[in-house]
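Given next are the chains, with one letter for each unit.
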Amino acid sequence: MTVHIPTTSASIHSTSDPTYQTALSQYDRAVSFLRTLPQGKNISDGLIDFMKWPRRELSVNFPARMDDGTMRMFTGYRVHHNTVLGPSKGGIRYSAEVSQDEVRALAMWMTWKCALVSLPYGGAKGGVIVDPYAHSQAELESLTRRYASEIILLIGPNIDIPAPDMGTNSQTMAWIMDTYSMTVGYSVPAVVTGKPLNIGGSLGREEATGRGVIVCMLEALRQQGEARSPKDLTVVVQGFGNVGANAAERAYDLGFKVIAVSDISGGYYNSRGLNIAAMREYVASHPRKTLEGYRDADKITNAELLELPCDVLIPAAKEGQLTAENAPRVRAKLIVEGANGPTLPEADLIFNDRGITVVPDILANAGGVTVSYFEWVQGLQEFFWDEEEVYRRLERILVRAYDEVLHTMDLAPVDMRTAAQMTAINRVAQATITRGFYP
Ligand code: NAD
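Residues numbered from 1 in each chain as written. Predicted model: local features only at pLDDT ≥ 70, side-chain atom pairs only at ≥ 80, totals over all residues. Heavy atoms only, no water.

## A word on the sheet that holds strand 8 (residues 266–269)
Consider a sheet: its strands pair through backbone hydrogen bonds, and that pairing is either parallel or antiparallel. Taken together, the seven strands give an open sheet; going across it, the order is 9-8-7-6-10-11-12, and neighbouring strands pair in mixed fashion. Each edge of the open sheet carries a strand with a single partner, namely strand 9 (298–300) and strand 12 (357–359). Each neighbouring strand pair of the sheet contributes to a mean axis angle of 20°, computed without reference to strand direction. Pairing between strand 7 (residues 257–263) and strand 8: four bridges, direction antiparallel. The residue of strand 8 that forms the bridge with Val-261 is Tyr-268. (Pairing = 2+ DSSP bridges. Helix = DSSP H or I, 4+ residues; strand = E, 2+ residues; numbered from the N terminus. Axes fitted to C-alpha atoms, helices over the stretch in contact; angles between N-to-C directions.)

Quick look at the structure:
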């Protein structure tokens with residue numbers, strides 16, 4: 001089928017935002033290889049253009065009450081990138097650096113991530129321009145409830161299901177669930193995932209993204225024929241929030257030597273291995289929830305951390321960390337992306353040339369959305385699983401997706417990121433062709 005869509009994409013796609021530029025250039029690359037394969041031959045130019053565009057976007061400006069009684073204005077977004085495979089799914093980010101283009105990029109990656117692990121979801125993302133660490137709980141609650149009511153047009157258990165991302169957590173999801181439920185007049189746990197357990201959260205969701213990162217790390221080490229035992233393998237983790245701390249702790253529990261971790265306060269290094277459980281306790285007891293002042297390690301910078309010699313580097317903080325500038329000095333043998341978009345396209349090329357495998361974000365951090373899916377299913381059925389079942393199903397889904405990416409790599413001379421995106425984009429493309437374009 002040929003679909004004629006005027007190529008007016010220039011306005012939205014000529015972005016200066018590096019994260020959106022990364023997402024778009026990865027898409028262009030994946031699509032160009034996909035169309036050389038027999039299974040991609042039926043994908044028209046119009047369909048390629050269609051999958052590149054966000055489907056719908058909402059930008060909201062809204063007030064929230066501050067502790068001193070004043071009102072302050074905030075700006076937020078919610079973007080549905082693609083909804084062909086089902087309702088859209090994606091986190092909500094609170095950060096001073098949020099922008100509409102960044103949200104578009106993250107929504108696009110969610111589409112590919114959900115498709116790659118075969119979840120019945122499209123991709124979405126939301127964000128508010130705010131430094132969450134500069135506000136009290138009461139201020140965050142006021143802001144979250146008003147933001148939720150502003151985007152209520154776009155969310156719902158059958159439309160779009162938010163989850164936590166950078167700067168948000170299970171409490172944020174509880175406020176959104178409550179705001180939505182009070183608006184419709186009855187409790188709707190399935191409107192968000194990543195909720196606290198006592199209001200319908202899933203066992204294992206909090207740990208799921210970090211745990212999934214380690215499932216992928218183990219798979220990559222196995223593929224590489226790594227014969228050393230975990231205690232002889234060194235791991236470095238950038239970011240010590242939900243993803244980074246859970247990945248570090250899982251690696252530590254499995255006996256790997258985690259030699260460095262970092263957060264906004266800097267990097268912490270110990271060549272004999274860090275005590276991750278003690279570091280997590282330290283963060284939990286620290287008022288700003290950071291590692292600032294942690295003593296049982298040498299202090300290094302975040303830049304130094306990325307360049308430490310190690311077997312595995314897990315960037316789990318934010319996008320755009322591995323660049324053309326530092327990629328030549330990275331001394332990890334394997335990179336497993338916990339964060340979304342931590343590697344810029346120029347750095348990808350350098351890692352490919354240097355034979356460093358990068359397990360891409362849409363595969364490596366898909367554990368979060370996978371257990372979010374389990375939470376949604378459990379909420380809709382009001383039937384809850386034990387932790388063992390959650391982890392067993394999670395591992396099965398991630399290992400299967402990993403194998404499918406390897407299979408695509410057998411068909412085309414591409415790196416893992418491109419293969420993962422080709423696999424995912426093809427699923428969305430073929431589903432779109434099957435459904436046909438409305439009207
Ligand atoms: P978070 O807010 O819980 O943690 C972020 C961590 O990164 C914090 O420790 C923060 O101090 C640290 N950090 C921020 N800037 C840094 C810098 N310049 N250098 C080093 N550390 C820095 O966020 P999160 O939920 O762990 O998300 C981290 C990344 O993982 C994001 O890219 C997010 O989109 C992605 N992700 C999150 C989930 C999830 O389930 N939470 C799922 C998939 C992907």
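## A look at the side chain of His-135
Along the polypeptide, His-135 turns up in the loop between strand 4 (122–129) and helix 5 (137–150). At a separation of 2.8 Å, a polar atom in the side chain of His-135 contacts the side chain of Glu-139. Excluding residues within four positions of it along the chain, His-135 makes contact with Met-66, Arg-72, Phe-74, Val-130 and Leu-140. (Polar contact = N/O pair within 3.5 Å; in protein donor to acceptor, adjacent residues only side chain to side chain. Contact = heavy atoms within 4.5 Å.)

## Some points on the packing of aromatic side chains
Counted by the stated rule, this structure contains eleven aromatic pairs. For the ring pair Phe-50 and Phe-437, a centre distance of 4.9 Å and an interplane angle of 85° mean the geometry is edge-to-face. Of this pair, Phe-50 sits in helix 3 (residues 45–52) while Phe-437 sits in the segment after helix 15 (416–435), and the two are 387 residues apart along the sequence. Among the residues examined, Phe-50 registers a relative accessible area of 27% and is labelled partly exposed. Plain terms: the ring middles of Tyr-282 and Tyr-294 are 5.4 Å apart, the flat faces sit at 75° to each other, and that makes the pair edge-to-face. (Phe/Tyr/Trp six-rings, centres within 6.5 Å; stacked < 30°, edge-to-face > 60°. Buried < 20%, exposed > 50% of the residue type's maximum accessible area, 1.4 Å probe, protein only.)

## A word on the site of the ligand
Near the ligand lie 25 residues; those nearest to it are Arg-93, Asp-165, Thr-209, Val-243 and Asn-340. Thr-209 places a polar side-chain atom, nitrogen or oxygen, 2.7 Å from an oxygen atom of the ligand. About the coverage of the ligand: the protein hides 88% of its 830 Å² of free accessible area. Counted by class, the shell around the ligand contains eight nonpolar, eleven polar and six charged residues. (Near = heavy atom within 4 Å. Areas by Shrake-Rupley, 256 points an atom, 1.4 Å probe, with all protein chains shown as cover. Nonpolar A, V, L, I, M, F, W, Y, C, P; charged D, E, K, R; others polar.)

## With respect to the sheet that holds strand 5 (residues 160–164)
Spatial ordering of the open sheet is given by 1-2-4-3-5, a layout of five strands whose pairing is mixed. This sheet does not close on itself; its edge strands, each paired only once, are strand 1 (56–65) and strand 5. Mean inter-strand twist for the sheet, computed between neighbouring axes without regard to direction, equals 25°. Pairing of strand 1 with strand 2 (residues 71–82) involves ten bridges; the strand directions are antiparallel. When the sheet's bridge partners are listed, Phe-62 is paired in strand 2 with Phe-74.

## Some points on the packing of helix 13 (residues 367–381) against helix 14 (residues 387–411)
For the pair helix 13 and helix 14, interaxial distance at closest approach is 10 Å and the crossing angle is 130°. As judged from the angle between their axes, helix 13 and helix 14 are oblique. Taken as a pair, helix 13 and helix 14 cross one another with a handedness that is right-handed. Along the contact surface, helix 13 presents Gly-367, Thr-370, Val-371 and Phe-374, while helix 14 presents Val-390, Arg-393, Leu-394, Ile-397 and Leu-398. Grouping the constituent residues of the contact of helix 13 with helix 14 by class yields six nonpolar, two polar and one charged. (Parallel < 35°, antiparallel > 145°, perpendicular 65-115°, else oblique. Left-handed = near helix turned anticlockwise from the far one by under 90°.)

## Structural notes on unusual backbone geometry
A cis amide bond, omega 5°, links Tyr-438 with the succeeding residue Pro-439. Within the secondary structure layout, Pro-439 lies in the segment after helix 15. Unlike most non-glycine residues, Ser-118 shows phi in positive territory, near 60°. The topology assignment puts Ser-118 in the loop between helix 4 (100–116) and strand 4. The backbone of Lys-289 sits at a positive phi, close to 55°, despite the residue not being glycine. By the element assignment, Lys-289 lies in the loop between helix 9 (276–285) and strand 9.

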